[in-house]
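Structure assessment
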Amino acid sequence: GNSVTQMEGPVTLSEEAFLTINCTYTATGYPSLFWYVQYPGEGLQLLLKATKADDKGSNKGFEATYRKETTSFHLEKGSVQVSDSAVYFCALSGDNAGNMLTFGGGTRLMVKP
Amino acid sequence: DTEVTQTPKHLVMGMTNKKSLKCEQHMGHRAMYWYKQKAKKPPELMFVYSYEKLSINESVPSRFSPECPNSSLLNLHLHALQPEDSALYLCASRLTTGRTGELFFGEGSRLTVL
């Protein structure tokens, strides 16, 4: 079956630091990959996505590249802000009934001024 | 309009109460979902409706009863819940159940069962 593994948090960074949150997956076929962000007290928002190998998703300074050879979709940002403090979920879609999303466990990011 | 709207935002109920959670979207999406999220955990899928028909039920107890009156609305009827059912309930929609489409989530209904 499908699975997504994320680095455990919390990740604590100072403002303007470089961010990497690792995500690896297991799936057959050609899944689509997503990063969602959840701010405190809110639902999940799509941050970026990639639907085929070597695609790069980007949004709000965040980037992730779909690497089929390493089955990875690591999230990066060059300079984090306090407002980026949230929980980040990596997810994949594909190869199951209804193409259901399989979520990773989530990584909490805390950015200090 | 790219919103999924959920009501109420907060709900407190006793174990003998009957209540409902409501979800609405006007994006023309034909797949709608209910998820349950406990603190510090990822969302867990409960139900999927595709073209207004229940397509997936992830072995959810019968005290949760979903309903899809039309393509824009999704309800979750609650009856005889247990304290362990306290959680954030998220509604989501997607254009179809195709693998490339992203889910759009509402802000959730936070349920407390006393």
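Treat the numbers as computed from the prediction; the structure is a model and nothing was measured.

**Let's talk about the interface of chain A and chain B**
Interface extent is often summarised as the accessible area lost during association of the parts. Contacts between chain A and chain B engage 25 residues on the former and 23 residues on the latter. Roughly 1700 Å² is buried in total at the junction of chain A and chain B, and carbon and sulfur atoms are behind 56% of that figure. When the buried area of chain A at its contact with chain B is split by residue, Leu44, Met100 and Phe103 of chain A rank highest and sum to 27% of it. Connecting chain A to chain B are 1 salt bridge.

**Here's the deal with unusual backbone geometry**
Following Gly9 of chain A, the chain continues to Pro10 of chain A via a peptide bond in cis, the omega torsion being 0 degrees. Residue position: Pro10 of chain A is located in the loop between β1 (3–6) and β2 (11–14). Even without being glycine, Asp54 of chain A reaches a positive phi, approximately 75 degrees. Inspection of the secondary structure assignment puts Asp54 of chain A in the loop between β6 (44–50) and β7 (56–59). One non-glycine residue, Ala80 of chain B, adopts positive backbone phi at about 55 degrees.

**Let's talk about the pairing of strand β4 (residues 31–37) of chain B**
Residues and elements named next belong to chain B. Burial within β4 is extensive, with 7 of its 7 residues counted as buried. Alternating positions in β4 separate into two faces, Ala31, Tyr33, Tyr35 and Gln37 on one and Met32, Trp34 and Lys36 on the other, with burial throughout. Alignment of β4 against strand β5 (residues 44–50), held across 6 bridges, turns out to be antiparallel. Paired with Ala31 across the strands is Ser50, a residue of β5. Between β4 and β5, which pair antiparallel and follow one another directly, the connecting turn spans 6 residues, one of which, Lys40, has a positive phi of 65 degrees.

**A short note on the side chain of Ser72 of chain B**
By secondary structure assignment, the location of Ser72 of chain B is in the loop between β7 (64–70) and β8 (73–79). Once residues within four sequence positions are removed from consideration, Ser72 of chain B is found in contact with Cys23, Glu24, Gln25, His26 and Met32 of chain B.

**A short note on the state of the cysteines**
Per the stated rule, a full pass over the model turns up 2 disulfides over all chains. The side chain of Cys23 of chain A participates in a disulfide bridge whose partner is Cys90 of chain A; the two sulfur atoms lie 2.0 Å from each other. Disulfide Cys23 of chain A-Cys90 of chain A: torsion about the S-S bond near -70 degrees, hence left-handed. Placement of Cys23 of chain A in strand β4 (residues 23–26) and of Cys90 of chain A in strand β10 (residues 86–93) is noted, with a sequence separation of 67 residues between them. Take Cys23 of chain A and Cys90 of chain A: they sit in the same class, and that class is buried. Cys23 of chain B provides the cysteine sulfur closest to Cys68 of chain B, a residue in no disulfide bond, and the two sulfurs are 9.2 Å apart. For Cys68 of chain B, a relative accessible area of 12% gives the class buried.

**Quick look at the sheet that holds strand β8 (residues 62–65) of chain A**
Residue and element names in this part refer to chain A. Across the sheet, 4 strands lie side by side as β3-β9-β8-β7; this open sheet has antiparallel pairing. Each end of this open sheet is capped by a strand with a single partner; those strands are β3 (19–21) and β7. Averaged over neighbouring strand pairs, the angle between their axes works out to 15 degrees when direction is ignored. Pairing analysis gives 2 bridges linking β8 to strand β9 (residues 75–77), with the strands arranged antiparallel. Across the sheet, the residue bridging to Glu63 is Glu76, located in β9.

Rules and cut-offs
- Residues numbered from 1 in each chain as written.
- Chains lettered and ligands numbered in written order.
- Predicted model: local features only at pLDDT ≥ 70, side-chain atom pairs only at ≥ 80, totals over all residues.
- Heavy atoms only, no water.
- Contact = heavy atoms within 4.5 Å.
- Buried area = accessible area lost by both parts, 1.4 Å probe.
- Salt bridge = Lys/Arg side-chain N within 4 Å of Asp/Glu carboxyl O.
- Helix = DSSP H or I, 4+ residues; strand = E, 2+ residues; numbered from the N terminus.
- Buried < 20%, exposed > 50% of the residue type's maximum accessible area, 1.4 Å probe, protein only.
- Pairing = 2+ DSSP bridges.
- Disulfide = S-S within 2.5 Å.
- Axes fitted to C-alpha atoms, helices over the stretch in contact; angles between N-to-C directions.

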